[in-house]
Amino acid sequence: MDYFGEHLLPGKIGHFFVTLSFAASFVATIAYYKSASAKNIEDGNAWKKLARAAFAIDCFSVFSIFAVVYYIISHHYFEYNYAWEHSNRTLPGQYLLACIWEAQEGSFLLWTIWQCALGLVLMFKAKKWEAPVMTVISFGQLCLATMILGIYISNAKIGINPFLLVRQMPAFSDAPIFNQANYLSIPQMQDGQGFNALLQNYWVVIHPPVLFLGFAATIVPFAYAFAGLWKKDFGAWTKPALPWTLFAACVLGTGVMMGAAWAYEALSFGGFWAWDPVENASLVPWLVLVAALHTQVVYNSTGHSLRATYFFVIMSFVLVLYATFLTRSGILGDSSVHAFVDSGMNLQLILFIVVFLAPAFYLFIKNYKKIPHIEKEESAYSREFWMFIGSLVLFLSSLFVITATSLPVINKIFNTNWSVGADNTFAYNRVEIFIAIILGLLTAFTQYLKYKDTNRKTFLKKMALPTLIATVLSLLVSIFGGIHYNKYGPGFQTAIHLALFGAFYAVVANAGYIWTGMNGKIKAAGASVAHVGFGLMLVGILLSTSKKELLSYNTTGINLPFDPKDADKNPLENITLLKGIKTDMGKYWATYTGEDSTNASGNISYYHVVLNEKKTDKRFDLYPDLIRNTKGMAGVSQNPDKHHYWDRDIYSYINYASNLEKGSDTTQFKYHLLSGKDTIFYSNGYMTLHKTVKNPNNEKYHFIDADTAVMADIEIVSRDSMRYTAKPLLYIKNNELKTIPDTVFAQDLVVIFKGIKNNSPEIGIKESSALTPFVSLKVYEFPYINILWIGTIIMIAGFAMSIFRRSKRQAAA
Amino acid sequence: MKKTHIIILIFIAIAIAALVSFMGSLSTYETIASARQKEGKSVTLYVNVDHSQVIDYDPAKDPNYFAFHVTDTLGNKTKVVCNFEKPYDFDKAEAVTLKGKMEGDIFRISGRDGILLKCPSKYKDDPNMAKKNLSQN
C-alpha cells in the first residue's frame, strides 16, 4: 500500500549511515590491527592510512546518524517511531535534543559519538600507541554500531534501528489504522507520545551526556593496557595513558554526582543517593578506576603495582560494560526503579562484555609472569605501600557494592531467591561506613609519606599539627554538632563519629600538605586539591545523612496522636494542610495557601506553602509542584522545592493533593426557591437571602450597566453562630445563561444561583466533605548538604588540575 | 610472608565477614503462603495488586495510612498495610515488589522503600502501553 504524507528520505539516509558506520568501523578495526602487527614500518603506515580514513568515515557516519535523528524529531515526523514515541509538538527546544537519549538506541548513540571524539583525539596524540590503541577503540565502535543496526539473524535481534516507522514496529504491525493510506492524518498520529514530564528538567540535558562521556572514556586506559599486553611492551603505556585515566575518572565522577544532584533536586527520592542498582552500576566502575589511577601513579614513580594496574584498568572497563548489561537487560526490573525494560538484546549485551573481557584476561593471565614487578617489597613508611592498600580498599568496596547489586543476576544463575531487605540503604551503609573511615585516614596521611621510604621523625612532626586540628574539629562537631543518629544502635553511631574524624582528617591534612609539603605550589597540587574535595564530600555525606531530619511529623492531632515510641512502626511522616489554615509543624507553622499553574500546557501545578519559623517568626515560601504526566502509565509525578540556607536546605514535596482527583465529588446540588425572608437549612446551619444585586461592581465581579447579571447576596449562619456570606452569580453571555458558584470553605458549602422562577431566585446548595482543598506534605531538613556539592566541585577541580599538568608533562616528554 | 600479603589476607577475611553478615541480613523472595510461615521475618514479595478490592487511602483522614490487597501467582491473597503515603502511580500498577513482614493476617510495610513500582521511565519502552494508545480512537 502507498501511504500518504510520509517522509521516507531521512530514514533512508539515516539507515544508510548506520550501515556505513558498521562497515567503516569494521574496516578501521582490521586496518588498525594490521598496522599494529605489521612487520615493517611502510606496511604499518599504509594500513594506518587506510585505518584513519575508515575511522574518519565512521565518525562522519555517526555524527550524521545523530543529525538525522535530531532532524526527524525537530521536524515532528511522527511516522518515525523515535519521534512518535519520545517527543511531541509542544516539547521545548532543549528537550528535543534530550529526548534522544530517553531510549536505549539514543543513549548508545551518545556513547558512540563520544567514543568517536576520543578516537579522533587519540589519532593525533597517541603517536606510537595509535595503531594498537585505536584497534581497540575501533572495535568498540564496531560493537556499538551493532547496537543500532536493527537486523535479525534467524530469530536473534541485533540492535535496535532508530529509523523504524511506527507502522514497521513489530508491536503495531497489526494495528488497524495502518490499513488506511492516510493514517498520518488520524489524530493520534498527529502528535507524539511526548517526553516523560518527570525527566523534563535541565539535568536531563546535561547529566546523560557527561555520564556517557565518562563511560566512553574508560575504554582509553583499557585500550592502552590491552596494547601493552598485546605488544608485550608491558610498562611503557602507563605514562601516556595517565592523563586519560585521570580524564575518565574526572568525567565519570562528575556524571555520577550530577545524577546524585538530579535525584536530590528533582526526583523526590528523598535524598541524593538511594543505593539504587542503577546508581551503583555507575559508581562501581568509578571506584575501580580511581583504584587504577592510584596504582598507575605508583608504578610511574616506583615500578611497583603494575600487575594491579592492569587488573584495575581492565576491570573498570569491564564493569562499565557489565553496568550496561545490568541497566539495559531488564534484569533489575524488580529491584530498581529506573532500569530499562528488557529490549530483547540480552545476548548481545552479554557478548558485548565477553568480547572485551575474554581477550583482555587471556592476555593478562598468559603474560602475568612477564609483567615486570619488583621483588623487594615496599616499606611500611613508603607512599606506594599505602596507596596500594587504598586502591585495594576501593576495589573491595566496589566488589561489595556490585555483589549486592547483582543479586538478581545471582538469583538467575543459581536459582536462588535473595533480595536486599526492607532497609535497602542501611544494607549498604553499614559496610560503606567502615570503608569511609579507612579511606579518610589513608587519604589524610599517605601524601605525607615519600616514595620508597620516609624519615619517621619528619613524618610524625609534619603530621602532628593536622592531626591535632582534625581531632579538635571533629570532636567539636561530634560533641556540639547534635548528631543524635542512633537509629541503628551505638555501634553504627560510633562508626559515624569515627568516619567524621577520618573525613575531617582528610580535608585538614591535604589542605595542609599544599603548604607544608609543596610550599604552596598550587599548580602542582591537583592531587591534594582532589583529596580535599573528596574529604569534604565525605563530611557532607555524613553530616547531611546523619542529621537529616523530618520536619513534617503529623503532630497536629487532626487525625491521630503522634507517639514517638511508635515512630518506627508508624512514622506519620506526612502532614495534612487544609487550605488557608495555619498548622503546627514542629519548629514551624505551615500554611497551604493555594496553587497555580504556570506552564503553557497547564500540566504542572505549583502548591504554595508558607512556613513560619516559630522561634524567629521568619517566613519563607515553598512551591513544590506536581506534574501530570503526558505519557505512559505514570499519572502524576512530584517535584520537590527547597529553601536554601547557607548551612541547610528545607526540602519539601507534595504527596497528595485533593484537587488532583477531579470529578470524584459526586454530591448533588439541592435546589430551593428563596424569596423574601425565606430560610434554607443545611446540616450545619441556615442561610437567608440578604439581597440581589443587578450588574454588581465590587471586588469580585466587574459588570457595567449594559450587562445582564444578577448576584445573590446570601448570609449564612452556622450552628456555632459564625456568619459567612456567599455571592453566587447568574449572567447571560452569548444568549446563554451562565452561573458562577461561590464556595464557603469553612462550611464545606457550594452555593449556586441557578435561575429565577416565579420571580424568586433559585438557589442550589451542595455540602461536600471533600471540599476544602488540602495537601499532604512531607518536609525534610538537609543540613550541610552544600558541603557535599562544594566538595564535589573541588574534587573535580583537583582532577582537572592534574589532567592539565600531567598532559603538559606528557607533551614535553 | 610479605606485609602486603598479610594485609590482603586480613582484607579477604574482613570481606568474607562483611559478605556473610550481608548475606545474613538479606531477605528472600517468598510467596504469600511461605511468608505466612515466616511470620515476623522480613521478606520480599513479588505480587499483583488486586484492583477488585478497595485501595484504601484517604489523606484527608490520615495521610500516613495506606492499605490494599494483593494476590500472588499461586492465587493466595493478603492485605497490605503501610504507614506512609500512597505512591502516585499506584492506581495503575499491576505488579509490585513489597518488602515487609507478615503480622497476623496483614503484610506490614514499615519503610517507604518497601514498595517498589516500576518508575515512569520504565514504561516508555513498553510496547503494550503504546499500543493501547494507538488502538484507541
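Residues numbered from 1 in each chain as written. Chains lettered and ligands numbered in written order. Predicted model: local features only at pLDDT ≥ 70, side-chain atom pairs only at ≥ 80, totals over all residues. Heavy atoms only, no water.

## A few points about the overall build of chain B
Assigned secondary structure in chain B consists of four helices and seven strands. Along the chain direction, N to C, the helices and strands of chain B fall in the order α-β-α-β-β-β-β-β-β-α-α. Relative to its 137 residues, chain B shows a buried fraction of 47%. Contacts in chain B between residues far apart in sequence, at least 24 positions, make up 51% of those at least 6 positions apart. As displayed, chain B offers around 6500 Å² of accessible surface, 56% of which is attributable to carbon and sulfur atoms. (Helix = DSSP H or I, 4+ residues; strand = E, 2+ residues; numbered from the N terminus. Buried < 20%, exposed > 50% of the residue type's maximum accessible area, 1.4 Å probe, protein only. Contact = heavy atoms within 4.5 Å. Areas by Shrake-Rupley, 256 points an atom, 1.4 Å probe, with all protein chains shown as cover.)

## Concerning the overall build of chain A
A tally of helices and strands in chain A yields 20 helices and 24 strands. Taken along its principal axes, the extent of the C-alpha atoms in chain A is 110 × 80 × 50 Å. Scored against the burial criterion, the 813 residues of chain A give a buried share of 58%. Accessible area of chain A: about 34900 Å², with a carbon and sulfur share of 61%. The centroid of the 67 positive side-chain charges in chain A is displaced by 12 Å from the centroid of its 55 negative side-chain charges. (Lys, Arg positive; Asp, Glu negative; His and termini not counted. Charge placed at Lys NZ, Arg CZ, Asp CG, Glu CD.)

## Comments concerning the environment of Lys369 of chain A
Among the structural elements, Lys369 of chain A can be located in the loop between helix 13 (346–366) and helix 14 (383–405). In sequence terms Lys369 of chain A and Arg307 of chain A are 62 residues apart; their C-alpha atoms lie 9.4 Å from each other.

## Re the nonpolar core
Across soluble globular proteins, you tend to see nonpolar side chains buried next to one another. Counting residues in hydrophobic clusters, the biggest one holds 226 residues, and the most contacted among them are Trp111, Leu122, Ile137, Phe222, Tyr224, Tyr310 and Phe356 of chain A. If sequence neighbours within four positions are ignored, Trp111 of chain A has contacts with Leu144, Phe212, Phe215, Ala216, Val320, Leu321, Thr324 and Phe352 of chain A. Counting 24 residues, the second largest nonpolar core, distinct from the first, contains Ile32, Phe90, Leu98 and Ile109 of chain B. (Core = buried A, V, L, I, M, F, W, Y, C linked by side-chain atoms within 4.5 Å.)

## A closer look at the domain arrangement of chain A
Residue and element names in this part refer to chain A. Split by domain assignment, chain A resolves into domain 1 (8–190), domain 2 (201–416), domain 3 (421–547 + 785–813), domain 4 (564–662 + 774–783) and domain 5 (670–767). In this complex, domain 2 contributes 39 residues to the contact, which on the side of domain 3 involves 40 residues. Summed over the three residues of domain 2 that lose the most area to domain 3, namely Trp275, Tyr381 and Arg383, the buried surface amounts to 24% of that side. Run the count over domain 2 and domain 3 and you get zero salt bridges. Only helix 10 (238–265), helix 11 (277–302) and helix 14 provide two or more residues apiece to the side of domain 2 that touches domain 3. (Domains from an automatic or database assignment. Buried area = accessible area lost by both parts, 1.4 Å probe. Salt bridge = Lys/Arg side-chain N within 4 Å of Asp/Glu carboxyl O.)

## Notes on the packing of aromatic side chains
All names here are of chain A. Per the counting criterion, the structure on display carries 62 aromatic pairs over all chains. Clustering of aromatic rings is evident, with ring pairs tying together Tyr33, Phe108, Trp111, Phe139, Phe212, Phe215, Phe222, Phe226, Trp230, Phe317, Phe352 and Phe356. Lying over the aromatic face of Tyr645, Arg648 brings its terminal NZ or CZ to 4.2 Å of the ring centre. Sitting over the ring of Tyr671, Lys754 keeps its end group 4.7 Å from the ring centre. (Phe/Tyr/Trp six-rings, centres within 6.5 Å; stacked < 30°, edge-to-face > 60°. Lys NZ or Arg CZ within 6 Å of the ring centre and 35° of its normal.)

## Looking at a nonpolar patch on the surface
Among the surface-exposed residues, Leu465, Leu468, Ile469, Val472, Leu473, Leu475, Leu476, Ile479 and Phe480 of chain A lie close enough to one another that they form a single nonpolar patch of about 890 Å² accessible area. We classify Ile469 of chain A as partly exposed; its relative accessible area is 37%. (Patch = residues over 30% accessible without salt bridge, like charges linked within 9 Å, V, L, I, M, F, W, Y side chains within 5 Å.)

## Describing the layout of surface pockets
Residues and elements named next belong to chain A. In this model, the second largest pocket occupies a volume close to 1100 Å³. Of all the secondary structure elements, the ones that give two or more residues to the lining of the second largest pocket are helix 10, helix 11, helix 14, helix 16 (424–445), helix 19 (526–546) and helix 20 (785–812). The residues that make up the lining of the second largest pocket include at least three from each of domain 2 (201–416) and domain 3 (421–547 + 785–813). (1 Å grid on protein atoms, 1.4 Å probe; cavity = no way out; pocket = protein on both sides within 12 Å on 5 of 7 lines; lining within 4 Å. Points joined across faces, edges and corners; volume = space filled by probe spheres on them.)

## A short note on the pairing of strand 15 (residues 679–682) of chain A
Residue and element names in this part refer to chain A. Covered by surrounding structure in strand 15 are Ile680 and Tyr682 only, the residues Thr679 and Phe681 on the alternate face being uncovered. Here strand 15 runs beside strand 16 (residues 685–694); their pairing, made up of four bridges, is antiparallel. Across the sheet, the residue bridging to Tyr682 is Gly685, located in strand 16. (Pairing = 2+ DSSP bridges.)

## Concerning the sheet that holds strand 23 (residues 760–767) of chain A
All names here are of chain A. Spatial strand order, 14-23-22-21: four strands in an open sheet with antiparallel pairing. Looking at the sheet topology across the chains shown, the edges are occupied by strand 14 (670–673) and strand 21 (742–744). Sheet twist, expressed as the average angle between the axes of neighbouring strands with direction ignored, equals 30 degrees. Where strand 21 meets strand 22 (residues 749–757), three bridges bridge the pair, whose relative direction is antiparallel. Across the sheet, the residue bridging to Val744 is Leu749, located in strand 22. (Axes fitted to C-alpha atoms, helices over the stretch in contact; angles between N-to-C directions.)

## Quick notes on the environment of Phe480 of chain A
All names here are of chain A. Here Phe480 lies in helix 17 (residues 456–480). Of the residues examined, Phe480 reaches a relative accessible area of 69% and is grouped as exposed. A C-alpha to C-alpha distance of 49 Å links Phe480 and Pro240, two positions 240 residues apart in sequence.

## Side note on the pattern of salt bridges
All chains considered together, the criterion is met by 15 salt bridges over all chains. One salt bridge connects Arg648 of chain A with Asp647 of chain A, and the closest N-O pair in it is separated by 3.6 Å. In this pair, the class of Arg648 of chain A matches that of Asp647 of chain A, namely buried. Residue Glu103 of chain B is joined to Arg108 of chain B by a salt bridge in which the shortest nitrogen-to-oxygen separation is 3.1 Å. Among the charged side chains, a network of salt bridges with common partners joins Lys587, Asp647, Arg648 and Glu781 of chain A.

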